[in-house]
Amino acid sequence: MGNKQSTFTEEQLEAFQDCTFFTRKEILRLHGRYRELAPHLVPLDYTNAPDVTLPAALIVNMPELKENPFRDRIVQTFSEDGQGNLSFNDFVDMFSALCETSPRELKTIYAFKIYGNAS
């Protein structure tokens, strides 16, 4: 056990669990998906909270969004920088709000944000 590298600190994982609808395992799986999009940009070790964002072009081509005609608006809605770039926190927020276990009220709020501004 001594050489096991941590992706997140215990506090970080607890914070993600408190603010999302995901388990620890799901959060780690999401980090893996985020990292797969740009392994050269996304570090394996997030314990020092790196300032990394991925461009919208990488996110919208994920299999989960690729066929959605509103994929650009979805990503833009969850982008804290307003340009469509997603930090890991933005990425987790997006998947959390749209996941099966999120409350209908939350999904409704984001539906209006996504589809209400669609051109």
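Residues numbered from 1 in each chain as written. Predicted model: local features only at pLDDT ≥ 70, side-chain atom pairs only at ≥ 80, totals over all residues. Heavy atoms only, no water.

Engineer: Would you take a moment to explain the pattern of salt bridges for this structure?
Structural biologist: Side chains that differ in charge, positive against negative, can pair when their charged atoms come close. A full pass over the atoms with the stated rule returns three salt bridges. Residue Arg33 pairs with Glu36 through a salt bridge whose shortest N-O separation is 2.9 Å. One end of the pair, Arg33, and the other, Glu36, are both in helix H2 (residues 24-37), three residues apart, so they sit about a helical turn from each other. By relative accessible area, which is 53% here, Glu36 ends up exposed. Measuring nitrogen to oxygen at the nearest pair gives 2.8 Å for the salt bridge that ties Glu64 to Arg33. Here Arg33 lies in helix H2 and Glu64 lies in the loop between helix H3 (56-59) and helix H4 (71-78), a separation of 31 residues in the sequence. Salt bridges sharing partners connect three or more residues here, namely Arg33, Glu36 and Glu64. (Salt bridge = Lys/Arg side-chain N within 4 Å of Asp/Glu carboxyl O. Helix = DSSP H or I, 4+ residues; strand = E, 2+ residues; numbered from the N terminus. Buried < 20%, exposed > 50% of the residue type's maximum accessible area, 1.4 Å probe, protein only.)

Engineer: How should the packing of aromatic side chains be read in this particular structure?
Structural biologist: Evaluation of the coordinates by the stated rule reveals eleven aromatic pairs. Ring plane angle 20° and centroid distance 4.5 Å describe the contact between Phe78 and Tyr110, whose orientation is recorded as stacked. Here Phe78 is found in helix H4, whereas its partner Tyr110 is found in helix H6 (residues 104-115), with 32 residues between them in sequence. By the burial criterion, Phe78 is buried, and Tyr110 matches it. (Phe/Tyr/Trp six-rings, centres within 6.5 Å; stacked < 30°, edge-to-face > 60°.)

Engineer: Which parts of the structure should I look at to understand helix H1 (residues 10-19)?
Structural biologist: Because the α-helix completes a turn every 3.6 residues, residues three or four places apart line up on one side. Considered for burial, the residues of H1 that qualify are Gln12, Leu13 and Phe16. Here the buried residues of H1 occupy an arc of 100° about the axis, which is enough to place them on one side. For H1, the exposed residues lying more than 90 degrees away from the buried face are Glu11 and Asp18. Residues of H1 that are buried sit in contact with H2 and helix H5 (88-98). (Arc of directions from axis to C-beta. Contact = heavy atoms within 4.5 Å.)

Engineer: Honestly, the nonpolar core in this entry has me stumped. Any pointers?
Structural biologist: Nonpolar side chains in soluble globular proteins tend to be buried together. Grouped together as the largest cluster of nonpolar side chains are 29 residues, with contacts concentrated most on Tyr34, Ile59, Phe78, Phe88, Phe91 and Met94. Taken together, the elements giving at least two residues each to this core come down to H1, H2, H4, H5 and H6. No other element matches H5, which puts six residues into this core. Dropping the residues within four chain positions of it, Phe88 is found in contact with Phe8, Phe16, Ile27, Leu30, His31, Tyr34, Tyr46 and Val52. (Core = buried A, V, L, I, M, F, W, Y, C linked by side-chain atoms within 4.5 Å.)

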